[in-house]
Amino acid sequence: MHLRRWVPTFAIAMLIVIGLSGCNRRVPPPAPPPPAPPPAAPAPPPPPPPPAPPAPAPERPLTEDELFARKTLEQLNAERPLGDVMFGYDEFTLTEDDRGVLQKNAEFLRRWPSVRTTIEGHADSRGTNEYNLALGERRANSVREYLVSLGIAGDRLLAVSKGEETPVCTEENEGCWARNRRGTFIITAK
């Protein structure tokens, strides 16, 4: 019986020895870390930015012909490239100053051979309507004839009388009357 008592004690002791011997076991050292990958080749530099689109060619200034072609008749008449001539009281003859203005007008008309114009003859408010219409016609015709003598084709120039019907000034004094005695140009075609 004695042995029966020792068997369980012996079994427990064996289990303790086995358990302790398992704890005494050395743990193998951890595996060395894998070698670092070789350094990668340096990354290629980023591609250069795309070339900038070519700068638009600077706009060249418009030529005189292009500027003229773009203008409307209203714009041309507002600019008044053709100068007016002024007349004395009850006169339709041209002065030297008037001829100078008309020579400049002829240069413009030569430069732009497609331009057609109406020459309006005006009078002041003194005199009858019939007399002023006739005087306006003589004034417009004297301007037209002088331009024709400078080489401008007569079919480009239409002379009409406005008499006293379209004054630029309505006061009844010499300064105002003098402004109304005129030959005026209206561009009708370009």
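In the block above lies the structure referred to throughout.
What you see is a predicted model, and the numbers here were worked out from it, not measured in a lab. (Residues numbered from 1 in each chain as written. Predicted model: local features only at pLDDT ≥ 70, side-chain atom pairs only at ≥ 80, totals over all residues. Heavy atoms only, no water.)

Moving on: helix 4 (residues 96-111). Here helix 4 is 16 residues long and its end C-alpha atoms lie 23 Å apart, about the 22 Å a rise of 1.5 Å per residue gives. Taken residue by residue, helix 4 has D98, L102, N105, A106, F108 and L109 as its buried positions. Axial view of helix 4: buried residues confined to an arc of 160°, hence all on one face. Among the exposed residues of helix 4, those oriented more than 90 degrees off its buried face are E96, D97, K104 and E107. Where the residues of helix 4 are buried, they touch helix 2 (64-70), strand 1 (85-86), helix 5 (129-149), strand 3 (157-163) and strand 4 (182-189). (Helix = DSSP H or I, 4+ residues; strand = E, 2+ residues; numbered from the N terminus. Expected span 1.5 Å × (residues − 1). Buried < 20%, exposed > 50% of the residue type's maximum accessible area, 1.4 Å probe, protein only. Arc of directions from axis to C-beta. Contact = heavy atoms within 4.5 Å.)

Right, let's get into unusual backbone geometry. The residue R80 is not glycine, and still its phi comes out positive at about 55°. The exposure class assigned to R80 is partly exposed, which follows from its relative accessible area of 42%. Its identity as a non-glycine residue notwithstanding, D90 has a phi of 60°, on the positive side. Judged by its relative accessible area of 38%, D90 is partly exposed.

Let's shift gears to the sheet that holds strand 3. The strand order across the open sheet formed by 4 strands is 1-4-2-3, and the pairing between neighbours is mixed. Since the sheet does not close on itself, it has two edges, and those belong to strand 1 and strand 3, each with one partner. Inspection of the sheet shows strand 2 (residues 116-122) paired to strand 3 by 6 bridges, in the parallel sense. Paired with H122 across the bridge in strand 3 is G163. Running over the sheet, helix 5 touches strand 1, strand 2, strand 3 and strand 4 and is turned about 155° from strand 3. (Pairing = 2+ DSSP bridges. Axes fitted to C-alpha atoms, helices over the stretch in contact; angles between N-to-C directions.)

The next point concerns the state of the cysteines. Taken as a whole and assessed by the stated rule, the structure comprises 1 disulfide. The partner cysteine of C169 in its disulfide is C176, sulfur to sulfur 2.0 Å. One disulfide, between C169 and C176, carries an S-S torsion of -130° and so falls in the left-handed class. Its relative accessible area of 11% is what places C169 among the buried residues. (Disulfide = S-S within 2.5 Å.)

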